[in-house]
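What follows is the residue order along each chain.
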Amino acid sequence: MSNREQGEARSRRRYLAVLFSDLSDSARLAASMEAEDFSDLLGQLRRGYEEIIPRHGGIIVQIRGDGLLASFGYPEAHEDDGRRATEAALDLHEFVRRIPLDLSVRALPPLSLHTGIHSGLVLLADGDDVHGRLDLLGNSVNVAARLSDVAQSDQIIVSEETLGAESHFYETTPKRSLSLQGIVQPVAVYGILSRAAVGTRFQARSMRGLTSFIGRQTELQALKGSLYDIIKGKPQYVAIVAPAGMGKTRLVEEFLRDWASSDCLTLRGYCESYLSAEPLQPFLQILRSLFGVDYRMSAASVAEALQKQLANIDPHLVKYRAEFLRALSLDDPSQCHPEMRSIASENTIAAICKLFDALVTSRPVVLFIDDWQWADAASLQVLEAIRRLNKRRLFVLVAARELTAVSVAVSDARILTLAPFTADETEEIIHQLLPGSNPFTVTGIRERSGGNPLFVEELCHSARYDILDRRRTGRTQSGEAWLDKLIESRVERLEREQIELVRTAAVIGNVIPTWLLESLTGYGEHHPLIATLAAQDLIFPGEQLGTLRFKHGIARDVIYDSVGLHQRNALHKRIADTLREHGPSGAQEEAWELLAYHYGACGQVVEAAQYAEAAGDKAVAASALDRAQIQYSAALSALDPDSSQENYERWLSIAQRLALACVFDPSRDQLEFLERAVLLATAHQDQLARARAEYWVGYINYALGELDHATHHLESALARATGVGDEPLAAQIRATLGQASAATGDYDKSLILLDEAISIKRQFRKGGRLPVALAYSLACKASVLGDRGLFEQAHACFEEALAAVQNSGHEVESSILCWQSAVNLWQGRWEDARASAIKGQHVAERVKSLYLYAQSLSLGGYANWMAQRSEKSLQAMVDATSWLESRNRGLFISLNHGWLADGLVESERWQQARHHAACALLRSRRHDPLGEAMAYRAMARASASGHNRKPPEVYLALAMKNALARGARHEIAVTQLCDAQIRVACGKRAQVAELLDQAETLFEAMGMAWHIQATRDLRRQY
Ligand SMILES: Nc1ncnc2c1ncn2[C@@H]1O[C@H](COP(=O)(O)OP(=O)(O)OP(=O)(O)O)[C@@H](O)[C@H]1O
Ligand SMILES: [Mg+2]
């Protein structure tokens, strides 16, 4: 074993909740007290720490002076460690507030602590005399320390991720974001004020806002069936069994609320894993609510209430009064030793049984106990005894995560298991929680959640803060520590062998080829150990034969992170080597992504780059652009271009392929690589490479809609390419400049450049290769012709472009279809526009291009709106446009804003319409002018309806100016028609006939049938 490995064997990664507390103002206190008194105070403090921390299941890591460092989650992990730490903090603060101060230092404010709590992954090593019992290392520890530093006197600051939904167990200050010294990302925190009146975890979860209830109809029917049975006099025992978060409590809540409330008496209790959970907890809760007693009542009033209630239910019960009183007094922990309470006395059992006996005589009873997996021995006994009564009108319903030790009491119960949500159900919740999210995000959440509603909710919550995207590339500091703990606490309960197995599986990935797992661990697909992991809701047979897969992507990530760095690296290396050497024959190519990933993860950058490059090429060939971008980016990160000339050349060549993979779905991250390519080429004084690299930068800027930058870089690249005499490159650059000029509305320049490009491409067209560039140039030309109102010529260009790509499903096809749809919209051919948009959408979905997907959705949306005026299609446009905006993708987005301004004015949503009109104008100022005239027309209409300050003429004049500047004949005619419509609506007849004549002549010349009809309709009207 190397030193490193030995070190790792002594240390381990754990998810912990970490608590730091300090005495406030301690320096001043120390200065104003006698040393002996201060030392006494510290002694008291220490005793308080030592008593309180273990009481909540934590351990004291270190006490230094007045400062305390404690951790929760080691050696045993609990899902509620965050809550335990918070409870401990509340008790600690209370304790310190009560420490009496010596009279002589009365001038000082009362004693208080300040505390910080944070959860996350911690590296934990055995400590020494200097560092304390344990040594905790890692960012999470630093965050907790910083939080304690910023906490004011008597304040408890907890990071949001420590508690998650459980924060609702407390009254808190509003959430705020703190930037902490030495910590990169801001941390969301709140102050804990006190405990809230929230009883159960489900109540706490619900306070985040419940989504509407989904699915589970079969289970509801089964519960209803049982209810009818007891009403008819047939006893029922049902256990709902499913892993954490699957919706057991929600199902029962739904059932009890809608079905069981009217005809029955419903009694409910729950068990807790919390240390302070009292024996008989669920039954005591039931007794308290039945008898109307609570903690704050005096013993005498409890006795009185009890007497009265018992007599009410059945006078015979009064003789059990003492038993009930004894049972109820158990809630006072000081009264009795816990061990003595863990077994229910015969008399208590008898009393409770008699009570149930009496209750069911008057009406049917539903007894629901939640979280039965945490039932204590006494509760088990009581439930068994109640069951033995075999009461005909009693429905015993329990919910449990698993039925192991506690199964006896419900051994003959009917078991209802809850399956994960189907894809449709999962998407329904996602749409409720993240309305308007794009389909790629939805799919991502669906897949990672594995259909577990709690995970879906949590992932949606994170996605709101855009954590999800970061997750795609690797988990760093996440926002879900409490959920991590939920998963970790499950893993920690596994046998050692299972833990090792599941960790190896996690390092392999989400999908685990069984041969690979077997070759690494010796456990094959049918080994019983694998089956036990399925029972633990962790690993299942995958969809593909010969694979296993993690049920939830989140679980895999959490487990992966808990593997020590060196062990993890060694595993990655073994996996990569095994894949390379022993992969099933013919599977090499399939393994490229895996090889790239595993070599990358263990730092073998040369191999990583090699496989990532190959995997990128493979993804491009399959039009899987998002994958290609990831692989090429990985290859570029792994490869060092400065190490050799060969590497430099390879780096540039990969960067070029990255640029090509980005153009249909660009992002700013990739621009960084390409800008680096320019710097590298400049440093190598490599003019040709620099021309190329600048061209790519221009190209991606064009795709991002940064038309100014695009033109600038493209012109510079053109000068350089011409300078070195590379005519093919210069021709390519001119073609892209032609596309960029088309986008900026500089049509004369663009037509010259595009025509030249098209003729060269036609001339040099190579058989067998898809003429992507030719097709795209044709589509751009068609858009220019269309905007100028030369629709027939435009359609001919589209035909040629589409014929060239021959239904290949290549992303360029989606681009062409989008343009075809847009031109049809200009011409007023709504149906044709819709058809092209739908086809474009299918292609975009397949090649996973969010840009093209959103654009085709908007195009189709506007076509629908014009044809049917459906609000739904307006909403689709709003959503799609917001996806593009949130990702900063601007190309042609002025059109989206223009359509939206138009549609929203029509549906009288003035404020939103104004917003989109303003966005269109803003884009126009950034050289994307196509939506400007439309936006001004919308504003003119709004103004005619009294919703704008300036008169309509002002906006119409601006619309006309924009139309004339690009020579957009259809815009000219449509603006004239709009002018006429507004005049007619305002009762002004002057110039209407003239405007309509001019517009109609133009519409006829352009073949704009729908508009001709509109003109004629208006003529008839006025
Ligand atoms: N059918 C459903 N429709 C909508 N939301 C649901 C549904 N089932 C569960 N949820 C939501 O998922 C979350 C988890 O559900 P719930 O608390 O009922 O899970 P559980 O199985 O009781 O978990 P645990 O074992 O931790 O108690 C809740 O916020 C709940 O509202
Ligand atoms: Mg529950």
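Every value quoted in this text rests on a predicted model; they were computed, and no experiment measured them.

Give a description of the sheet that holds strand E12 (residues 365-370) that names residues and reports values.
On the basis of which strands lie adjacent, the open sheet formed by five strands has the order E11-E12-E13-E10-E14 and parallel pairing. What marks the edges here is a single partner per strand, and that holds for strand E11 (265-270) and strand E14 (414-417). Taken over all neighbouring pairs, the strand axes of this sheet differ in orientation by 15 degrees on average, direction set aside. As judged from the five bridges shared by E12 and strand E13 (residues 394-400), these two strands associate in the parallel manner. By the bridge assignment, valine 365 is partnered in E13 with leucine 394. Sheet strands touched by helix H10 (residues 281-291): E11 and E12. Its angle to E11, the strand with the most contacts, is close to 135 degrees.

Before we move on, could you go through the site of ligand 1 and cite the residues and values that matter?
Around ligand 1 sit 23 residues in total, of which Arg201, Arg205, Lys248, Thr249 and Glu457 are the nearest. Note that an oxygen atom of ligand 1 is positioned 3.5 Å from one of the side-chain N or O atoms of aspartate 371. Contact distances for ligand 1 include 2.7 Å between an oxygen atom and a side-chain N or O atom of glutamate 457. For the shell around ligand 1, the secondary structure elements donating two or more residues are helix H7 (201-206), helix H9 (248-260) and helix H18 (453-464). Across the shell around ligand 1, the residue classes break down as 10 nonpolar, five polar and eight charged.

I'd like a description of unusual backbone geometry, backed by residues and values.
Of the consecutive residues tyrosine 74 and proline 75, the connecting peptide bond is found in the cis state with omega at 0 degrees. Its place among the elements puts proline 75 in the loop between strand E3 (67-72) and helix H4 (81-98). Located in the positive-phi region is aspartate 25, a residue other than glycine, with phi close to 60 degrees. Position of aspartate 25 among the secondary structure elements: in the loop between strand E1 (11-23) and helix H2 (26-32). Located in the positive-phi region is histidine 927, a residue other than glycine, with phi close to 70 degrees. Structurally, histidine 927 can be placed in the loop between helix H42 (910-925) and helix H43 (932-944). Given the relative accessible area of 35%, histidine 927 is considered partly exposed.

Which residues make up the pattern of salt bridges, and what are the values?
Summed over the entire model, instances satisfying the criterion amount to 53 salt bridges. In this structure, the salt-bridge partner of arginine 55 is aspartate 91, at a minimum N-O distance of 3.1 Å. Of the two residues, arginine 55 sits in helix H3 (residues 35-55) while aspartate 91 sits in helix H4, which places them 36 residues apart along the sequence. With a relative accessible area of 16%, aspartate 91 lands in the buried category. A salt bridge links arginine 257 to aspartate 258; the shortest N-O distance between them is 3.0 Å. With a relative accessible area of 52%, arginine 257 lands in the exposed category. Its relative accessible area of 43% is what places aspartate 258 among the partly exposed residues. Among the charged side chains, a network of salt bridges with common partners joins Glu51, Arg55, Glu87, Asp91 and Arg195.

Give me the nonpolar core: which residues, what numbers.
One finds Val502, Ile539, Trp651, Tyr702, Phe892 and Phe1003 to be the most contacted residues of the largest nonpolar core, which totals 201 residues. Aside from chain neighbours lying at most four places away, what touches tyrosine 702 is Leu707, Ala710, Gln739, Ala740, Ala743, Tyr776, Cys780, Leu891 and Phe892. In terms of nonpolar packing, the next biggest core, distinct from the first, is built from 48 residues, Cys271, Leu287, Ala327 and Ala378 among them.

How would you explain a nonpolar patch on the surface if you had to name every residue and give the values?
Side chains of Tyr228, Ile231 and Trp259 sit close together on the surface and give an oily, nonpolar patch of about 270 Å² of accessible area. A relative accessible area of 44% means that tyrosine 228 is categorised as partly exposed.

Lay out the packing of aromatic side chains in plain terms, naming residues and giving numbers.
Any two aromatic rings considered together are summarised by their centre-to-centre distance and by the angle between their planes. Applying the stated criterion across every chain yields a total of 11 aromatic pairs. With centroids separated by 5.5 Å and ring planes inclined at 50 degrees, the aromatic side chains of tyrosine 695 and tyrosine 699 adopt a geometry described as tilted. Of the two residues, tyrosine 695 and tyrosine 699 both sit in helix H31 (residues 687-704), four residues apart, roughly one turn of that helix. On the basis of relative accessible area, tyrosine 695 is assigned to the buried category, the value being 5%. Tyrosine 699 sits in the buried class, given a relative accessible area of 13%. Relative to tryptophan 826, the ring of tryptophan 819 lies with its centre 6.3 Å away and its plane at 45 degrees, an arrangement referred to as tilted. There is no split in this pair, since tryptophan 819 and tryptophan 826 are both buried. Linked through ring pairs, Phe440, Tyr853 and Trp883 together constitute an aromatic cluster. For arginine 83, the ring lying beneath its charged end belongs to phenylalanine 169, and the centroid distance is 3.8 Å. A cation over a ring is seen here: arginine 387 above tyrosine 237, with NZ or CZ 5.6 Å from the ring centre.

Before we move on, could you go through the sheet that holds strand E16 (residues 539-541) and cite the residues and values that matter?
Read across the open sheet, the three strands follow the order E15-E17-E16; overall the sheet is antiparallel. The open sheet has two edge strands, strand E15 (511-513) and E16, and neither has a second partner. Direction aside, the axes of adjacent strands within the sheet are offset by 30 degrees on average. Relative to strand E17 (residues 547-550), E15 runs antiparallel, the two being bridged by three bridges. The residue of E17 that forms the bridge with proline 513 is threonine 547. Docked against the sheet, helix H21 (residues 496-508) engages E15, E16 and E17, running at close to 105 degrees with respect to E15.

Describe the side chain of asparagine 824, with residues and values.
By the element assignment, asparagine 824 lies in helix H37 (residues 811-827). The exposure class of asparagine 824 is buried, given its relative accessible area of 3%.

For the packing of H43 against helix H44 (residues 952-966), give the residues involved together with the corresponding values.
Axes are the key here: two packed helices are described by the angle between their axes and the distance separating the axes. Between H43 and H44, whose axes approach to 8 Å, the crossing angle comes to 170 degrees. The angle between H43 and H44 places the two elements in the roughly antiparallel class. Contact with H43, carried on its side by Glu932, Ala933, Tyr936, Arg937, Met939, Ala940, Ser943 and Ala944, involves Pro952, Tyr955, Leu956, Leu958, Ala959 and Asn962 of H44 and no other residues of that element.

About the criteria used
Residues numbered from 1 in each chain as written. Chains lettered and ligands numbered in written order. Predicted model: local features only at pLDDT ≥ 70, side-chain atom pairs only at ≥ 80, totals over all residues. Heavy atoms only, no water. Pairing = 2+ DSSP bridges. Helix = DSSP H or I, 4+ residues; strand = E, 2+ residues; numbered from the N terminus. Axes fitted to C-alpha atoms, helices over the stretch in contact; angles between N-to-C directions. Contact = heavy atoms within 4.5 Å. Near = heavy atom within 4 Å. Polar contact = N/O pair within 3.5 Å; in protein donor to acceptor, adjacent residues only side chain to side chain. Nonpolar A, V, L, I, M, F, W, Y, C, P; charged D, E, K, R; others polar. Buried < 20%, exposed > 50% of the residue type's maximum accessible area, 1.4 Å probe, protein only. Salt bridge = Lys/Arg side-chain N within 4 Å of Asp/Glu carboxyl O. Core = buried A, V, L, I, M, F, W, Y, C linked by side-chain atoms within 4.5 Å. Patch = residues over 30% accessible without salt bridge, like charges linked within 9 Å, V, L, I, M, F, W, Y side chains within 5 Å. Areas by Shrake-Rupley, 256 points an atom, 1.4 Å probe, with all protein chains shown as cover. Phe/Tyr/Trp six-rings, centres within 6.5 Å; stacked < 30°, edge-to-face > 60°. Lys NZ or Arg CZ within 6 Å of the ring centre and 35° of its normal. Parallel < 35°, antiparallel > 145°, perpendicular 65-115°, else oblique.

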